[in-house]
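Given next are the chains, with one letter for each unit.
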Amino acid sequence: LMQAREGRLHILKEMEKVVEAIFWVRDIINTPASDMSPSCVEKEARRVGKGKNIKVTVLDDKKLAKMKAGTILAVGQGATEKSRMIVLEYNIKPKNAKPIAFVGKGVCFDTGGLNLKPTKYIEDMKLDMSGAATVLGIFKMLDSLQPRLHVVGVIGVVENAISEKSYKPGDILRAMNGKTIEVLNTDAE
């Protein structure tokens, strides 16, 4: 009876940590875009990365340019803040385990670029970084629970903003794999 009770308490403690991570993700997603820019997302990732078994690598715009990551750079080139890619790795690896990978979209605010979103569609575009927030929440949860896993998370963090530097319909972008993409609509990032 005592073992069953301890088992239930352990499960409840684990669930509490999961719920804490879910609420944290919700709060990040609902933060106004002015307070959750690409640099703010990076700061949150670095905070999560202070965990016991989490490594965070940030690829800034210069590293992305060297990698020929033309698509992520193009989406963010109209913004004040530079694009970045954040890689998180959690590793308490059981033998012969393949890593589990998560990829999250981190468009901190998506105006639609030069193909500007209309009213009633643009107001909630701070939510376009929900995938990135979810990946960060997964790593926050992993740090709390410490399961024997190898997990990798990748989030591209940008703002699809408008300026004289914005990419334009008709531009040809080159992806890291060498393929080219013709931009027909700047809101199709």
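Bear in mind that the values here come from a model prediction, so they are computed numbers and not experimental data. (Residues numbered from 1 in each chain as written. Predicted model: local features only at pLDDT ≥ 70, side-chain atom pairs only at ≥ 80, totals over all residues. Heavy atoms only, no water.)

Draft legend 1. Representation of the environment of Leu-116. Along the chain, Leu-116 turns up in the loop between β3 (100–110) and α5 (130–145). When the C-alpha atoms of Leu-116 and Lys-68 are compared, they prove to be 27 Å apart, with 48 residues separating the residues in sequence. Beyond its immediate sequence surroundings of up to four residues, Leu-116 is in contact with Thr-111, Ile-122 and Ile-162. (Helix = DSSP H or I, 4+ residues; strand = E, 2+ residues; numbered from the N terminus. Contact = heavy atoms within 4.5 Å.)

Draft legend 2. Here's a closer look at the pairing of β3. Summarising the sheet, β3 and strand β4 (residues 150–160) pair through nine bridges and their orientation is parallel. For Gly-106, the partnering residue across the bridge sits in β4 and is Val-157. In the classification by handedness, the crossover that spans β3, the intervening α5 and the parallel β4 is right-handed. (Pairing = 2+ DSSP bridges. Right-handed = clockwise from strand over helix to strand, strands pointing away.)

Draft legend 3. Spotlight on the packing of aromatic side chains. If you walk through the whole model with that rule in mind, you get zero aromatic pairs. We note Arg-26 situated over the ring of Phe-23; from NZ or CZ to the ring centre the distance is 4.6 Å. Seen from the ring of Trp-24, Lys-140 lies directly overhead, with NZ or CZ sitting 5.0 Å from the centre. (Phe/Tyr/Trp six-rings, centres within 6.5 Å; stacked < 30°, edge-to-face > 60°. Lys NZ or Arg CZ within 6 Å of the ring centre and 35° of its normal.)

Draft legend 4. Fine view of the pattern of salt bridges. Taken as a whole and assessed by the stated rule, the structure comprises seven salt bridges. Ionic pairing is found between Arg-26 and Asp-27, a salt bridge with its closest N-O pair at 3.3 Å. The partly exposed category is assigned to Arg-26, whose relative accessible area is 42%. Taking the relative accessible area as the measure of exposure, Asp-27 reaches 43% and is therefore partly exposed. Connected via shared salt-bridge partners are Glu-42, Arg-46 and Arg-84. (Salt bridge = Lys/Arg side-chain N within 4 Å of Asp/Glu carboxyl O. Buried < 20%, exposed > 50% of the residue type's maximum accessible area, 1.4 Å probe, protein only.)

Draft legend 5. Representation of the sheet that holds strand β2 (residues 84–91) within the structure. The strand order across the open sheet formed by four strands is β1-β2-β4-β3, and the pairing between neighbours is mixed. Sheet topology places β1 (54–59) and β3 at the edges, where each strand pairs with a single neighbour. Taken over all neighbouring pairs, the strand axes of this sheet differ in orientation by 15° on average, direction set aside. Helix α2 (residues 38–48) contacts β1, β2, β3 and β4 of the sheet and is inclined by roughly 15° relative to β2. Across the sheet, α5 touches β1, β2, β3 and β4, and the angle it forms with β3 is around 135°. (Axes fitted to C-alpha atoms, helices over the stretch in contact; angles between N-to-C directions.)

Function-wise, these values are silent; they only describe arrangement.
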